[in-house]
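Residue-level structural notes
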Amino acid sequence: MGYFGEKAVGRRGETFVCSGTLPFDMRKAYGAVILSGLMALLMIPSAVAHPPPPETGGLVFTLSGASDLSLIREGVSSAESGSELIYTGTPMHVGTWASQATEFGLNITESQAILVMYFEPVGVVVGLGVYLDVIVMVDGEEVASGRSETVILNEPLMTNVPWTSDIFDLSVEVGQVIEIDVTAYLDGYGAAEANWGQADAPALFSLENWSVGAHDEIRTTEAGEVLHGHFETPWTCRDIVGVTLEMRGPVADHDAEWPEGESAEEALPGAVEVSGEGCAWEGTIEGLSGVYLHRWQVTMSDGEIFNISGWFEAGGEGEEEIHPAKLSVLGGLIGIIAVSIPLWLLVPGAGLVGLVATTSTREFDVAEVVKEPLPVTAILVIGLLTGLLAGPVIAVLALVGLLAFGWAIQGS
């Protein structure tokens, strides 16, 4: 092939030809450059469409199972892997996963459900991508549902497709199960595989705003005083794998801020030894006196960690302490006097003064006392016991009511 064009002069006077036709090898080189550019453009949407999956927190389940689908509270390494193919243009039911039946009630106010499932393209997938329809149920009754955004599948890698629900309230009674139902759509041409129970495809479902219930109290054991913590989870604490306890104090006010940084090192006693299992755990507080802040750190089987803070008063009368019953001698004396003073008004000669006088002259008539509606001896015994056990104020209040009752019986 000949060349055509015109001559031109360069900077140094050289002449060259401006040709309207390129040689064959040059056309191949330019074609390769253009093809590379198009390939690069195709990769741009994948970078935009594949952000990291949302972080799940609260009550977290791992999707597990091949034939028997289940929601488990363990990590991905404990899950059985499974997969399901989805095809172009047809809604494909991926599966329905169910948790174990709850053994404690579960109530979450303003919860939010999050599901993350991974998809891998089979061959070339052309089109918008994959989206999910998800239904959250309790014993088959829908409590939340919705549709995810569409995620592009244009690279041969596992790609996360997340779904987040609107805010809703969740109530699960003892014996009920939590279920999620997933349907996938491939908006385009080709096929993709949904995966779960794999290390590189950690398909997870979570319910936000859930927390472990906790109750504290001070107890006296053979080892001395301990801070006893009782925790509550929907599966009788089998999903608790470890608990630690830290204390800070003494502090002047139980509303004080938890010390952080360098100040925390000075806020003794710090971490204390903890023993227990399941729902019940204890940390020693022997030798402490005053108001202390404390923080339980509860680690769950799925790796979630809850920090549960509170306060207690050791070596004094704190709200969380249990005090043994005490006998009040003053209360007993007042209880007798409270009966004796008005008693002679109801039964002349049967008051405390009359009783002592007649007894001293050995003229006390037992028959006359026993036939009264409220025998003197019984009233005195009741007054004494009430005062000893309950204290002066309760003794007076109780016996005033008792005397009014006796008055009504005698007057009838």
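A quick note: this is a predicted structure, and the numbers were derived from the prediction, not measured.

Further remarks concern the nonpolar core. Membership of the largest hydrophobic core comes to 64 residues, with the highest contact counts inside it found for Leu63, Trp97, Met117, Phe119, Phe205 and Phe231. Top contributing element to this core by residue count: strand S8 (residues 113-138), with 10 residues. Contact partners of Phe231, with chain neighbours within four places excluded, come to Val212, Gly213, Ala214, Cys237, Ile240, Val243, Cys279, Trp281, Trp296, Val298 and Ile308.

Two measures describe an aromatic ring pair: the distance that separates the ring centres and the angle between the ring planes. Considering all chains together, one arrives at seven aromatic pairs under this definition. Ring plane angle 10° and centroid distance 4.8 Å describe the contact between Tyr131 and Tyr185, whose orientation is recorded as stacked. Residue Tyr131 is located in strand S8, and its partner Tyr185 is located in strand S12 (residues 178-196); the two are separated by 54 residues in the primary sequence. Residue Tyr131 is classed as buried on the basis of its relative accessible area of 15%. Ring geometry for Phe231 and Trp296: centres 5.5 Å apart, planes at 90°, overall edge-to-face. Here the residue Phe231 occupies a position in strand S15 (residues 224-232), and Trp296 occupies one in strand S20 (residues 290-300), the gap between them amounting to 65 residues. For the pair Phe231 and Trp296, a shared accessibility class is recorded, and that class is buried. If you follow Arg147 out to its NZ or CZ, it ends over the ring of Tyr185, 5.3 Å from the centre.

Calculation notes
Residues numbered from 1 in each chain as written. Predicted model: local features only at pLDDT ≥ 70, side-chain atom pairs only at ≥ 80, totals over all residues. Heavy atoms only, no water. Core = buried A, V, L, I, M, F, W, Y, C linked by side-chain atoms within 4.5 Å. Buried < 20%, exposed > 50% of the residue type's maximum accessible area, 1.4 Å probe, protein only. Helix = DSSP H or I, 4+ residues; strand = E, 2+ residues; numbered from the N terminus. Contact = heavy atoms within 4.5 Å. Phe/Tyr/Trp six-rings, centres within 6.5 Å; stacked < 30°, edge-to-face > 60°. Lys NZ or Arg CZ within 6 Å of the ring centre and 35° of its normal.

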